[in-house]
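Here is what each chain is made of, one letter per residue.
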Amino acid sequence: MNRIVESNKIKKMPKGCWLWLGSLNVKGYGQYRYKKNGKFTTMQLHRRVWMEERGPIPKGLVVAHHCDVRNCVNPEHLYVGTQAQNCQDVFDRKRRPLQSETQTHCLKGHEFTPENTGVRDPKKEDGGKRYCKACKKIRNDKYRSTPEGRARINARIKAWRKKKAISPSGKNNHI
Ligand SMILES: [Zn+2]
Ligand SMILES: [Zn+2]
């Protein structure tokens, strides 16, 4: 069987992370699909990488990332520890932005291309947070398809038109 670390679905980043470009689960971890007792099932890819490169995972321990990049499969960035250790680790790293710049895909697996990347609060000290435009559009479309969503949007448009009618100078105010 081919080793995952030799897969062509890996993008090696200058900072050392090996990003998995294949399928991700909802939490943003790489997904490994395999057959067990004749049925397809999945496991987290970085666990699989650990087993291939380092051996079995001791019972009760989790495989965690030093780098905090969930779809990273660089064995050097992985370690086994207890769930408690992992939580402490995540806690220690809380000050760092969660979406590091090395993350190439959103949690749903859309790529963070320049066109697909929006920034929330860009004036904030940490440069704001990235968000996925494709996901935002899906959420908006869903919202628009509900009666109350439509009603609210219409109300907002109405209010905006009214405001514009009151202050016609608003026309030239766009920055
Ligand atoms: Zn990494
Ligand atoms: Zn997305």
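Cut-off values and rules
All residue numbers refer to position in the chain's written sequence, counted from 1. Written order determines the labels here, with chains lettered from A and ligands numbered from 1. Note on the predicted model: pLDDT of at least 70 is required for a residue's local features to be given, and 80 or more for side-chain atom pairs to be given and counted; whole-chain, interface and lining totals, by contrast, use all residues. Labels follow the DSSP assignment, with helices taken as runs of H or I lasting at least four residues and strands as runs of E lasting at least two, numbered in each case from the N terminus. Residues with at least 20 other C-beta atoms within 10 Å of their own are called buried, those with 12 or fewer are called exposed, and the rest are partly exposed. The C-beta atoms themselves are positioned from the backbone. Any pair of residues counts as being in contact when their C-beta atoms, constructed from backbone geometry, are within 7 Å of one another. Confidence per residue, as judged by the predictor, is encoded in pLDDT with a range of 0 to 100. The term nonpolar core refers to a group of buried residues, namely Ala, Val, Leu, Ile, Met, Phe, Trp, Tyr and Cys, whose C-beta atoms join them within 7 Å. In this scheme, a helix's expected span is set at 1.5 Å multiplied by one less than its residue total. Note on pairing: two strands pair once DSSP finds at least 2 bridges between them.

Structural notes on the overall build of the protein
Phase 1 of the analysis: From N to C terminus, the protein includes 4 helices and 8 strands.
Phase 2 of the analysis: Along the protein, from the amino end to the carboxyl end, the secondary structure elements read β-β-β-β-α-β-β-α-β-β-α-α.
Phase 3 of the analysis: Evaluated residue by residue, the protein yields a buried proportion of 15% over its 175 residues.
Phase 4 of the analysis: For the protein, the share of sequence-separated contacts (at least 6 apart) that also reach a separation of at least 24 residues comes to 43%.

Things to note about unusual backbone geometry
Most peptide bonds take the trans configuration, and most residues that are not glycine carry a negative phi.
Phase 1 of the analysis: The phi torsion at Asn37 lies on the positive side, around 50°, for a residue other than glycine.
Phase 2 of the analysis: The residue Asn37 is located in the loop between β3 (31-36) and β4 (39-44) in this model.
Phase 3 of the analysis: Positive phi, normally seen in glycine, also occurs at Asp68, with a value near 70°.
Phase 4 of the analysis: Note that Asp68 resides in the loop between β5 (62-65) and β6 (78-81).
Phase 5 of the analysis: Classification of Asp68 as partly exposed rests on a count of 19 C-beta atoms within 10 Å.

Examining the confidence of the model for the protein
Phase 1 of the analysis: Looking at the protein, the pLDDT average stands at 84 and 84% of residues meet or exceed 70.
Phase 2 of the analysis: In the model of the protein, helix α2 (residues 83-93) stands out as the element of lowest mean pLDDT, 69, in contrast to helix α1 (residues 45-53), which has the highest, 95.
Phase 3 of the analysis: Within the model, the stretch residues 95-100 combines pLDDT values under 50 with 6 contacts to residues more than four positions away or in other chains.

Digging into the environment of Cys106
Phase 1 of the analysis: Along the chain, the position of Cys106 falls in the loop between α2 and β7 (117-120).
Phase 2 of the analysis: Cys106 sits in the buried class, given 21 other C-beta atoms within 10 Å.
Phase 3 of the analysis: C-alpha separation for the pair Cys106 and Val26, spaced 80 residues apart in sequence, amounts to 9.5 Å.
Phase 4 of the analysis: Apart from the residues within four sequence positions on either side, Cys106 is in contact with Phe112, Cys132 and Cys135.

Structural notes on the nonpolar core
Phase 1 of the analysis: Membership of the largest hydrophobic core comes to 15 residues, with the highest contact counts inside it found for Trp18, Leu19, Leu45, Cys72 and Val73.
Phase 2 of the analysis: Counting only elements with at least two residues in this core, the list comes to β2 (18-20) and α1.
Phase 3 of the analysis: Not counting chain neighbours up to four residues away, the residues in contact with Val73 comprise Ile4, Val5, Ile10, Trp18, Trp20, Gly30, Leu45, His46 and Val49.

Thoughts on helix α3 (residues 133-144)
Phase 1 of the analysis: End to end, α3 covers 16 Å across 12 residues, agreeing with the expected 16 Å (1.5 Å per residue, within 8%).
Phase 2 of the analysis: Across the 12 residues of α3, 0 count as buried, placing the element largely on the outside.

Comments concerning the pairing of β4
Phase 1 of the analysis: For β4, a buried count of 0 out of 6 residues is recorded, marking the element as mostly open to its surroundings.
Phase 2 of the analysis: Pairing geometry for β3 and β4, over 6 bridges, is antiparallel. Looking at the pairing, Tyr34 lines up with Thr41 of β4.

Brief notes about α1
Phase 1 of the analysis: For α1, every residue scored as buried is listed here: Leu45, His46, Arg48, Val49 and Trp50.
Phase 2 of the analysis: Looking at the buried side of α1, the elements it contacts are β2, β3, β4, β5 and β6.
Phase 3 of the analysis: One or two positions beyond α1, positive phi appears at Gly55, with a value near 115°.

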